[in-house]
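Listed here are the chains, written in short residue letters.
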Amino acid sequence: MTDFNNSYIGHVERFEEIQAKLKAGENVILLANHQSEADPGVWALMLEKRFPYLAENIVYVAGDRVVSDPLCKPFSMGRNLLCVHSKKYMDEDPETKPAKMKQNRTTLSKMGKMLSQGGTLLWIAPSGGRDRPNDDGKWLPAKFDEATVALMHTLGSKAKSKTNFYPFAMWSYAIMPPPPKVVVELGEERIINFSGVGVSLAEALDIESITKDVKDDKAATAKAITEKSWEEMNKEYVKLDEAISTSAGTVMEAQGYVLPDRSVSYVAPQGGSPASSSSSGEERPSTDAWYSW
């Protein structure tokens with residue numbers, strides 16, 4: 001599925017930076033766009049050669065379909081997941097809505113505890129789902145939801161450990177594009193392609209600077225952080241799109257976009273600890289919010 005000869009990591013030094021912060025006990029929350037059910041695998045495959053620690057030690061905040069859709073489950077196996085129910089599907093079955101809301105509360109509680117412990121890397125897509133093509137068929141990152149970004153900011157602010165926020169761009173739709181429109185029922189058609197992919201980090205958000213003029217207005221604060229997060233993520237997405245669309249190879253190295261240091265023929269080593277285990281061998285907690293395949 002993945003053409004590693006036309007895949008790119010943007011700003012390796014920023015990945016080094018978040019790795020150092022995590023090992024120092026700080027938290028990192030990635031505010032990301034989302035394009036494919038294979039995105040967790042894309043993250044791992046792109047980073048496992050240069051940053052095996054980051055490839056393994058990440059928790060994905062994911063929708064319930066990653067554990068309920070039979071064709072989606074394989075892409076979630078071996079991943080650390082915190083399950084939430086998207087607002088897009090919350091009301092599709094009124095009878096299950098209370099249970100879904102309870103699940104979300106459990107997940108938020110677990111998330112808060114993890115952030116207070118420190119050293120947690122969280123991936124969340126504030127858009128609430130995968131990006132879709134526009135009317136011209138062009139794939140663009142969906143806008144971020146202000147309420148979601150505000151919630152993550154609140155959780156990070158309340159955590160006992162310092163929490164850093166990084167806009168994060170993912171270019172991966174081509175390997176398994178979602179339907180043009182949201183499909184409520186399970187069983188959407190999957191189309192698999194061979195394509196390059198890309199991941200890129202923007203600089204850490206300077207929350208103090210972004211919110212300096214709106215500190216006493218919660219709604220304005222959420223809007224400012226959300227707009228800045230999306231803007232910086234989209235800048236990185238545009239550069240990844242340029243690199244992959246033009247098969248840039250090493251041409252864009254000077255701009256910070258490099259090949260993932262592996263080839264199509266690379267075979268992952270057998271054995272070792274599954275991604276659902278921490279590198280220290282610590283057993284993951286067993287809660288309703290935690291899915292570790």
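Residues numbered from 1 in each chain as written. Predicted model: local features only at pLDDT ≥ 70, side-chain atom pairs only at ≥ 80, totals over all residues. Heavy atoms only, no water.

1. Some words on the pattern of salt bridges
So, point 1. What the rule picks out here adds up to 12 salt bridges.
So, point 2. The salt bridge involving E208 is made with K215; its shortest N-O contact spans 2.3 Å.
So, point 3. When salt bridges with common partners are traced through the structure, they connect E13, R14, E203 and E236 into a single cluster. (Salt bridge = Lys/Arg side-chain N within 4 Å of Asp/Glu carboxyl O.)

2. Some remarks on helix α6 (residues 146–158)
So, point 1. Over its 13 residues, α6 extends 18 Å from the first C-alpha to the last, a length consistent with the 18 Å expected when each residue adds 1.5 Å.
So, point 2. Turning to α6, its buried residues are V149, M152, H153, L155 and G156. The arc that holds every buried residue of α6, seen down its axis, measures 165 degrees, which confines them to one face. (Helix = DSSP H or I, 4+ residues; strand = E, 2+ residues; numbered from the N terminus. Expected span 1.5 Å × (residues − 1). Buried < 20%, exposed > 50% of the residue type's maximum accessible area, 1.4 Å probe, protein only. Arc of directions from axis to C-beta.)

3. Topic: the environment of K23
So, point 1. Within the fold, K23 resides in helix α1 (residues 12–23).
So, point 2. With a relative accessible area of 55%, K23 lands in the exposed category.

4. Here we look at helix α2 (residues 39–47)
So, point 1. Counting buried positions over the nine residues of α2 gives eight, a clear majority of the element.
So, point 2. Of the residues making up α2, those classed as buried are D39, P40, G41, V42, W43, A44, M46 and L47.

5. As for the packing of aromatic side chains
So, point 1. For the coordinates displayed, the defined rule picks out six aromatic pairs.
So, point 2. Arranged with centres 6.1 Å apart and planes meeting at 50 degrees, the rings of F15 and W43 form a pair that is tilted. With F15 in helix α1 and W43 in helix α2, the pair connects residues that are 28 residues apart, well separated along the chain.
So, point 3. Consider the rings of W43 and F168, whose centres lie 5.3 Å apart with planes at 75 degrees: the pair is edge-to-face. Of this pair, W43 sits in helix α2 while F168 is found in strand β6 (residues 163–171), placing the two residues 125 residues apart along the sequence.
So, point 4. Taking the ring centre of Y53 as reference, the NZ or CZ of K23 above it sits at 4.8 Å.
So, point 5. Looking at K143, its charged tip hangs above the ring of W230, at a distance of 3.4 Å from the centre. (Phe/Tyr/Trp six-rings, centres within 6.5 Å; stacked < 30°, edge-to-face > 60°. Lys NZ or Arg CZ within 6 Å of the ring centre and 35° of its normal.)

6. Description of the packing of α6 against helix α8 (residues 218–245)
So, point 1. α8 packs onto α6 with a crossing angle of 100 degrees between their chain directions and a minimal axis gap of 9 Å. In this view, α6 runs roughly perpendicular relative to α8, as classed from their interaxial angle. Contacts between α6 and α8 involve E146, V149, A150 and H153 on the former and, on the latter, A219, A222, K223, I225 and T226.
So, point 2. Looking at the contact of α6 with α8 residue by residue, the classes come out as five nonpolar, two polar and two charged. (Axes fitted to C-alpha atoms, helices over the stretch in contact; angles between N-to-C directions. Parallel < 35°, antiparallel > 145°, perpendicular 65-115°, else oblique. Contact = heavy atoms within 4.5 Å. Nonpolar A, V, L, I, M, F, W, Y, C, P; charged D, E, K, R; others polar.)

7. Quick word on the pairing of strand β7 (residues 198–201)
So, point 1. What you see with β7 is no split at all: G198 and S200 on one side and V199 and L201 on the other are buried throughout.
So, point 2. For strand β1 (residues 8–10) and β7, the ladder comprises three bridges, and the chain directions are parallel. The residue bridging I9 from the neighbouring strand is V199, located in β7.
So, point 3. In terms of strand pairing, β6 meets β7 through four bridges, oriented antiparallel. Each bridged residue has a counterpart across the sheet, and for W171 the counterpart in β7 is G198. (Pairing = 2+ DSSP bridges.)

8. Re the nonpolar core
So, point 1. By size, the foremost hydrophobic cluster in this structure holds 34 residues, and its most contacted members are I29, L122 and M152.
So, point 2. Secondary structure elements with two or more residues in this core: β2 (27–32), β3 (59–63), α5 (97–117), β5 (121–124), α6, β6 and α8.
So, point 3. No other element matches the seven residues that α8 contributes to this core.
So, point 4. Counting 31 residues, the second-largest nonpolar core is a separate cluster that includes L30, L81, L121 and F168. (Core = buried A, V, L, I, M, F, W, Y, C linked by side-chain atoms within 4.5 Å.)

9. Thoughts on the pairing of β2
So, point 1. For β2, a buried count of six out of six residues is recorded, marking the element as mostly surrounded by other parts of the structure.
So, point 2. What you see with β2 is no split at all: N27, I29 and L31 on one side and V28, L30 and A32 on the other are buried throughout.

10. Topic: the packing of α5 against α6
So, point 1. For the pair α5 and α6, the least separation of the axes is 9 Å and the interaxial angle reads 45 degrees. With respect to α6, the element α5 is oriented oblique. Between α5 and α6 the crossing geometry is right-handed. Of the residues in α6, those touching α5 at L108, M111, G112 and L115 are L151, M152, L155 and G156.
So, point 2. Split into classes, the residues belonging to the contact of α5 with α6 amount to six nonpolar, two polar and no charged. (Left-handed = near helix turned anticlockwise from the far one by under 90°.)

11. Quick word on unusual backbone geometry
So, point 1. Residues other than glycine seldom take positive phi values, yet H11 does so here, at roughly 65 degrees.
So, point 2. Take H11: it is sitting in the loop between β1 and α1.
So, point 3. At S247, a residue that is not glycine, the phi angle is positive and equals roughly 50 degrees.
So, point 4. In this fold, S247 is placed in the loop between α8 and β8 (257–258).

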